[in-house]
Amino acid sequence: ALQVLRPERLLVHCLREPEGFFWELVKPFVTLVQGRDVETIFGNPVRHYAHKADIVRLEALIEHGGVYLDIDVVTLRPFEPLLNGSDVVMGRQNIDGLCNGVIAAK
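All of the points below concern the structure found in this document. Please read all numbers here as calculations on a predicted model, not as lab measurements.

A few points about the sheet that holds strand S5 (residues 66–69)
So, step 1. Strand order in the open sheet made by the 3 strands is S5-S7-S6, with antiparallel pairing throughout. Only two strands of the sheet have a single neighbouring strand rather than two, namely S5 and strand S6 (88–93). With strand direction ignored, the average angle separating the axes of adjacent strands in the sheet is 35°.
So, step 2. As defined by bridge partners, S6 adjoins strand S7 (residues 97–105) across 6 bridges and the pair is classed as antiparallel. Within S7, the position partnered with Gln-93 by the bridge is Gly-97.
So, step 3. Helix H3 (residues 49–64) contacts S5 and S7 of the sheet and is inclined by roughly 30° relative to S7.

And the structure:
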């Protein structure tokens, strides 16, 4: 994604810094942002880690805009043309669901 999208900056939101071989490879290209442990949304408790991550990613896109990609996404082309006239672009999963593994936002 770094080679195809050539982002101005790459933000990684996390509670603790990742570790390992691949992290060390990308670490020089990223800015770590201290995440938060989401406990509630609109007064409702949030317990599942995936739901907490969903909230953090949407808050980051609202604040910064840009492109969110799951770690296993391979990019072939830039996303900017898809945003032509739209504030947000998401994938569709199945007939009635949205896929939040790739989100582009202004």
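Some words on the packing of aromatic side chains
So, step 1. Scanning all chains against the criterion turns up 1 aromatic pair.
So, step 2. Ring plane angle 80° and centroid distance 5.1 Å describe the contact between Phe-21 and Phe-22, whose orientation is recorded as edge-to-face. Like Phe-22, Phe-21 is exposed.

Things to note about H3
So, step 1. Its 16 residues place the ends of H3 22 Å apart at the C-alpha level, agreeing with the 22 Å of an ideal helix rising 1.5 Å per residue.
So, step 2. The complete set of buried residues in H3 reads Lys-52, Ile-55, Val-56, Arg-57, Ala-60 and Leu-61.
So, step 3. As for H3, its buried residues are in contact with strand S1 (11–14), strand S3 (40–41), S5 and S7.
So, step 4. One or two residues past the end of H3 sits Gly-65, with phi positive at roughly 70°.

A look at the pairing of S1
So, step 1. As defined by bridge partners, S1 adjoins strand S2 (residues 31–34) across 4 bridges and the pair is classed as parallel. Each residue of the ladder has a partner; that of Val-12, found in S2, is Leu-32.

Re the side chain of Thr-75
So, step 1. With respect to the element layout, Thr-75 can be found in the loop between S5 and S6.
So, step 2. Residue contacts for Thr-75: discarding those within four places in its chain leaves Ala-1, Val-4, Leu-5 and Leu-69.

Reading the values: the criteria
Residues numbered from 1 in each chain as written. Predicted model: local features only at pLDDT ≥ 70, side-chain atom pairs only at ≥ 80, totals over all residues. Heavy atoms only, no water. Pairing = 2+ DSSP bridges. Helix = DSSP H or I, 4+ residues; strand = E, 2+ residues; numbered from the N terminus. Axes fitted to C-alpha atoms, helices over the stretch in contact; angles between N-to-C directions. Contact = heavy atoms within 4.5 Å. Phe/Tyr/Trp six-rings, centres within 6.5 Å; stacked < 30°, edge-to-face > 60°. Buried < 20%, exposed > 50% of the residue type's maximum accessible area, 1.4 Å probe, protein only. Expected span 1.5 Å × (residues − 1).

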